[in-house]
Every structure is written in structure tokens, then in C-alpha cells.
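Understanding the architecture of this molecule
Chain by chain, the residues:
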Amino acid sequence: MNSKGGLWRWLASATLGCAAAGLIAAGPARAQEPEPRLKTESPYFFVKSDDPSVDQLPLKATRVDVRISGVIADVTVTQQYRNEGTRAIEARYVFPGSTRAAVYGMNVRLADRLVTAQIREKQQARVEYQKAKTEGKTAALLEQHRPNVFQMNVANIMPGDDVRVELRYTELLVPQSGTYEFVFPTVVGPRYNSPQSADAQAKWLSQPYLPAGQATPSAFDIHVDIASPIGIKEVRSTSHTVEVTEKDDRHAGIALAAGGGAANNRDYILQYRLAGDRVESGVMLYRGDGENFFVAMVEPPQHVATAAINPREYIFVVDISGSMHGFPLDTAKALLRELIGGLRPSDTFNVLLFEGSNRFLAPRSVPATPANIERAIRTINEQGGGGSTEIVPAFRRVYAEPKASPDVARTIVVVTDGYVSVEREVFQMVRQHLSEANVFAFGIGGSVNRHLMEGIARAGMGEPFIVTKPSEARAQAQRFRRMIEAPVLTSVKARFEGLQVYDVEPPQLPDVMGERPVIVFGKWKGEPQGQVVIEGRAADGPYRQSIAVEGNTSRDTAALRHLWARHRIQSLSDQEAQEGGDRQRAEITQLGLRYGLLTQYTSFLAVDKVVRNPVPSDAVGVDQPSPMPQGVSNLAVGATVPGTPEPATWGAILVTLSVLAMLARRLRRQRAGRFTA
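Residues numbered from 1 in each chain as written. Predicted model: local features only at pLDDT ≥ 70, side-chain atom pairs only at ≥ 80, totals over all residues. Heavy atoms only, no water.

Some words on the packing of aromatic side chains
Summed over all chains, the structure comprises 16 aromatic pairs. Measuring from ring centre to ring centre gives 5.3 Å for Tyr180 and Tyr272, while their planes differ by 10 degrees; the resulting arrangement is stacked. Linking Tyr180 in strand E11 (residues 179–184) with Tyr272 in strand E17 (residues 268–274), this pair joins segments that are 92 residues apart in sequence. In this structure, Tyr180 and Tyr272 share a single accessibility class: buried. (Phe/Tyr/Trp six-rings, centres within 6.5 Å; stacked < 30°, edge-to-face > 60°. Helix = DSSP H or I, 4+ residues; strand = E, 2+ residues; numbered from the N terminus. Buried < 20%, exposed > 50% of the residue type's maximum accessible area, 1.4 Å probe, protein only.)

As for the sheet that holds strand E32 (residues 602–611)
Read from one edge of the open sheet, six strands run E7-E32-E8-E9-E4-E33, paired in mixed fashion. Because the sheet does not close on itself, it has two edges, and the strands there are strand E7 (118–121) and strand E33 (620–623). Between one strand and the next, the sheet's axes are offset by a mean angle of 25 degrees, whatever the strand orientation. Pairing geometry for strand E4 (residues 89–96) and strand E9 (residues 149–157), over seven bridges, is antiparallel. Residue Phe95 lies in a different strand from E9, and its bridge partner there is Phe150. (Pairing = 2+ DSSP bridges. Axes fitted to C-alpha atoms, helices over the stretch in contact; angles between N-to-C directions.)

Some remarks on the sheet that holds strand E27 (residues 490–497)
Here we have three strands laid out as an open sheet, ordered E27-E30-E31, and antiparallel in their pairing. What marks the edges here is a single partner per strand, and that holds for E27 and strand E31 (541–548). Within this sheet the neighbouring strands show an average axis-to-axis angle of 15 degrees, counted without direction.

Some details on the side chain of Gln271
By secondary structure assignment, the location of Gln271 is in strand E17. What makes Gln271 buried here is its relative accessible area of 13%. One polar contact links Gln271 to Glu181, side chain to side chain, over a distance of 2.6 Å. Those residues within four positions of Gln271 in sequence are excluded, and the remaining contacts are Thr179, Tyr180, Glu181, Glu234, Val235, Arg236 and Thr238. (Polar contact = N/O pair within 3.5 Å; in protein donor to acceptor, adjacent residues only side chain to side chain. Contact = heavy atoms within 4.5 Å.)

Written as C-alpha cells, this is what we have:
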């Protein structure tokens with residue numbers, strides 16, 4: 001049968017099948033009152049009101065000040081709200097943060113008055129905020145929706161008010177291949193909210209967006225100061241045009257260059273190296289009032305390629321949904337050309353394309369011959385991007401595929417922008433199937449969901465990769481190949497000789513897949529003395545490195561208190577995501593309250609003592625729109641889904657699906673002939 005004839009038969013059969021399904025479904029449906037279509041809480045386009053009394057864009061500016069001292073970054077984010085309307089408003093704004101941020105402070109400035117926020121249990125904070133709002137007091141509530149997504153609510157901003165909200169967080173900068181990188185995300189990408197998600201009704205997912213290409217009137221500026229005990233070299237930004245001022249060889253200031261265009265529609269990425277390409281290994285100590293903290297950072301051994309590689313199977317799970325349309329999908333294609341094109345002849349591979357549905361390119365994994373690689377790349381290049389982002393069914397489909405042989409090591413490579421709300425469900429699935437495959441995550445685009453990428457990598461014992469432009473594809477593919485040839489260090493353990501330690505994080509060290517240092521947090525007591533010993537197995541034999549605890553403690557390392565708690569909370573959150581439910585809620589809440597940190601169960605609340613709005617019931621709520629991330633099209637916004645079908649409709653759908661599945665199997669058999677076993 002030729003392909004043209006097969007296509008006509010397929011279309012004719014599919015049409016008959018759909019018609020039959022429609023007839024079957026039509027009867028019972030008419031016997032009932034029509035149900036309104038349900039709408040998921042999905043992103044939407046911002047439409048400015050014609051009412052001049054309400055300021056629809058109260059966020060006027062965001063300024064970020066970063067001080068990097070050694071390997072610790074301390075960040076102050078100032079959001080300036082001003083009400084230029086004639087009615088009191090409540091401003092609501094969803095914004096991103098670093099996945100590694102330990103948010104430890106918030107202040108609100110009202111003219112010359114300063115209101116310091118307090119940490120509260122999340123529900124208690126909401127109650128107190130609502131009370132202050134209805135009393136006519138200016139109040140600010142900061143909540144965490146994801147480790148990298150926050151929401152600010154500011155109630156009772158009066159006409160003419162100028163309100164400045166300051167957030168403070170700290171994070172540890174972990175070098176990779178000798179390069180330090182500081183990332184400040186500026187925009188939360190629109191999330192596809194699957195109806196099956198546990199967060200399907202979350203309000204924050206319905207935040208408004210400006211259409212692609214429309215700049216926000218809100219100003220953005222960022223300034224970074226770097227101070228290092230070792231000489232600094234090669235300061236650069238891969239995302240923005242910057243001006244670097246070298247104060248001396250150990251201090252540098254970095255500012256946005258004038259005339260660089262919009263700066264708040266993508267991640268701000270700053271990289272630098274130290275003289276001699278050294279990594280700042282060592283032990284930092286902090287002696288607190290009641291507890292002492294430390295962090296040990298040990299540079300990993302050099303990567304050594306192994307000669308013998310076991311048979312490997314790769315399954316590439318590729319997002320071709322609407323948000324990937326255009327630039328992100330073009331970047332993904334460039335990446336896949338490098339990844340698939342670099343496979344060994346002894347490897348086998350398959351590709352699963354997914355959006356609202358999913359499909360394999362071949363019924364089973366095929367050898368990585370030049371002909372099969374060329375056919376796979378040609379098929380991928382034909383994709384245009386459209387539809388929703390059902391990533392959980394895609395993973396489910398992959399794990400249902402049997403291996404060709406139990407001796408084959410399977411690696412799953414997921415390529416996506418990560419604009420979904422089902423992170424928790426994905427982490428749980430990956431962890432449940434950890435014995436079946438390692439999972440590596442490639443985030444594509446200028447403002448990807450790094451929380452999803454890093455979480456998949458942790459759950460799947462892989463590594464996250466971020467590719468912001470096609471020119472980075474080759475380097476990231478080469479980095480991936482170096483990792484999968486062999487881990488840098490396995491069976492990694494940390495011993496402490498002469499130093500009394502406890503509450504060490506993480507309790508068990510993972511294999512070192514990339515060229516990142518081994519990081520160990522913990523508490524200590526007694527005298528700061530002894531040494532930290534890191535042991536493991538490298539490709540060329542046993543590995544051992546010791547670092548002396550020199551006894552030097554410093555008040556400058558007070559951030560270790562927050563960083564230790566942040567890592568402990570992350571461990572508990574990962575465990576909770578894998579187990580389901582909220583079993584770790586009590587411990588996470590206790591850590592948040594004790595160490596003054598923002599978590600999924602704790603929030604910051606600031607309440608002015610003065611009643612400023614005499615008629616608070618007349619205030620209106622305003623959702624501050626976000627710019628569309630650079631390179632993301634309007635196809636990422638505005639998805640709706642129909643309501644749950646009635647039983648008769650399900651029957652009709654099953655009939656149709658049966659027909660289509662039969663035809664699809666026939667087509668797959670035809671397509672399978674294009675790949676060679």
C-alpha cells in the first residue's frame with residue numbers, strides 16, 4: 001500500500017469513527033441539562049481597564065543589589081509600588097527567585113517609616129493579613145508557591161502612596177568546571193496547569209501576562225559586587241550586556257549596560273572564574289550564640305573516561321507543546337542534533353514527542369546507526385510546537401516500555417521549558433522508577449523552570465542542564481556525554497576527624513556526576529579543630545582528600561545558619577514529594593519559624609500599626625502582569641479544557657480511540673520500516 005492511499009484510508013476511517021462516536025454520545029447528552037465548561041486556573045493575557053481611577057500597573061520598579069563574598073551571595077530585592085490612581089488598591093504580584101535562595105528577611109518602607117516583617121505559619125499569616133486588610137492597615141504578605149516562585153500581596157496602597165518592599169536572601173555559589181555562576185530569574189514563565197494536577201485550582205497559576213514582544217512599563221536594574229580572596233578573571237554575562245568595573249584584581253562591580261533593551265524577560269546569568277582556574281575549596285565555620293555551623297566544599301577529581309562502556313539505551317522525551325513554539329523548540333532541535341548525533345554505534349535510542357498526547361518515533365528502541373539518527377533528527381525538525389504540556393503521561397508511557405535486555409543501562413533525557421504545575425507528581429514518578437533508569441533534564445529557554453529541572457535530576461540521580469540559546473547546544477551535549485561515560489566519583493563518604501559534628505546535610509552523599517564540588521553542611525560543637533575527609537571511587541581508583549579545619553571562625557559567615565536550614569528543608573521537601581502528602585509539614589514549619597526562613601509552610605508578614613484606609617471595603621485588587629519570557633510565544637497562554645465527559649461520552653471516546661489506535665498501530669508498523677534494527 002502506498003503512503004498516499006494509506007493516508008486517505010486513515011482519514012476516512014477516522015472520520016467514520018468520530019462520526020460514530022458523536023452519534024453515540026449525542027443521545028444521552030441531550031437528556032440532560034448542558035453543563036458549563038470548566039476552566040482551569042490558567043494564565044491569561046492582561047487587559048488594561050478603562051477605569052482611570054484604578055492603577056492597574058502599580059509595580060513601578062525592581063532593583064536587585066548582590067554582594068558576593070567568597071562563595072556566598074547576599075541579595076536584596078527592592079520592589080517599588082506606587083498608586084497613581086484615585087482608589088485604594090491591593091497589589092498582587094507573582095515573581096521568581098533562585099532555586100537555592102534562603103529567604104530570611106523582609107521590610108516594608110512607607111515614606112519615612114519602616115515596618116519589619118515577621119515569619120509566621122502560612123495559614124496564620126493569611127489570617128493576620130486579611131484582618132489587617134479589612135481594618136484598613138497597609139500590610140504586605142510574602143508567600144512561597146514553589147522554591148523558586150513567590151507571591152507578594154500589598155493591601156491598602158492609598159492613592160499617591162510610594163511603598164517599597166525589600167526582600168533579603170542568601171545562597172551558596174557552587175562552581176562547575178571551575179566557573180562560578182550567579183543566576184537571578186526575572187520572570188515566571190506561564191505554567192500549563194493540568195486538570196490532573198494537585199494544584200489545578202491554585203490561584204497563582206492564573207497570573208496575567210503581557211503579549212509576547214510587549215515590554216512591561218516596570219523598570220528593572222541589577223548591580224553585583226564581587227569580593228574574592230583569590231584573583232578574579234573572566235567576568236561575563238551570557239544573558240545581558242553588562243559593564244564590568246575592576247576595582248582591583250579581587251574586587252569587581254557589574255552593572256547593566258545602558259541601552260541594552262528589556263532586561264526583565266529572562267534569567268540574569270553572571271559567570272566568573274578565579275585566577276589559575278582554582279576552586280575555592282575548604283571549610284567555613286560560624287560560631288553562633290547557641291549553635292555553630294560549617295560547610296565543606298571539596299573540588300572533585302578530574303574526569304577520566306573509561307574504556308569499556310556497557311550497552312546503553314537512551315530515550316529522549318521531548319516537549320513540543322505551545323510554549324515551545326519558535327525559539328525554544330529551535331534550541332531543542334539544535335540540542336537533540338548534538339545529543340542523538342553523538343551516540344555510539346553500540347547504543348540504542350528512541351524519541352517520545354509529547355504535548356497533550358505523546359508518541360514514540362519507533363515501536364522499540366533502534367540502533368544508533370547514521371541512517372536511524374538521520375531519520376530521527378529529520379522527524380524532530382518537522383515539529384512546530386502546539387498544544388498543552390502533559391508531561392506526567394509522557395513519563396508514564398516511557399516507564400511502561402520494556403527494555404530490550406535487562407543488561408542494558410537505560411538513560412532518560414527530558415527536554416522541556418518546564419512550564420508545568422506538576423513538579424511534585426513528576427518527582428514522585430521519577431523516584432519510584434529510579435531502579436529502572438537515570439534521568440537527565442535539559443531546560444530550554446531564557447527563563448526555564450529550574451525547580452523542575454533540578455528536582456528531576458535529584459530524583460533521577462542525574463544532572464540538570466540549562467540551554468538558553470542554540471549556540472550553547474554543543475557544549476552542553478559534550479558535557480552530558482562526559483557524565484554518562486562514567487560518574488566522576490561514586491560511593492562518596494565524608495568523615496570528620498577531631499571535629500564533633502551533627503545534623504550533617506545531606507545524610508548520604510550522592511555520586512558526583514558533573515564537575516561540581518562535593519558540598520557538606522552541618523553543625524559542630526566543642527573546639528574547631530581536626531579535618532574533613534572525603535572518600536570515594538574515581539574512574540582510576542580510590543579517591544581520598546582531606547581538608548584541615550584551621551580553627552578560624554568568622555562573623556562574616558553568619559549566612560551558614562540560613563544555608564544549613566535551607567538545605568535541610570530541601571531534603572525534607574524532596575522526601576515529601578516522593579512520599580506524597582504532607583508528612584514533613586510539621587518539621588519544615590518548625591525549621592522555617594526557628595531559622596526565620598520562607599518555606600512552603602511559612603510566610604513573611606508585615607503590618608503597619610496605623611489605620612490608613614477608612615473605607616477598606618472600597619479597595620480593589622490588582623494583579624500585576626508579567627512580561628512574556630523572551631522567545632516564548634503567545635501559544636503558551638490561555639489554555640482551557642472541557643469538563644469531565646459523561647459516561648456515555650466516555651464510551652463514545654473509547655470507541656473512537658479503539659479505531660484510531662488500530663489505525664495508529666498500522667501506521668507505526670509502516671513507519672517502523674523506516675528504521676533499521
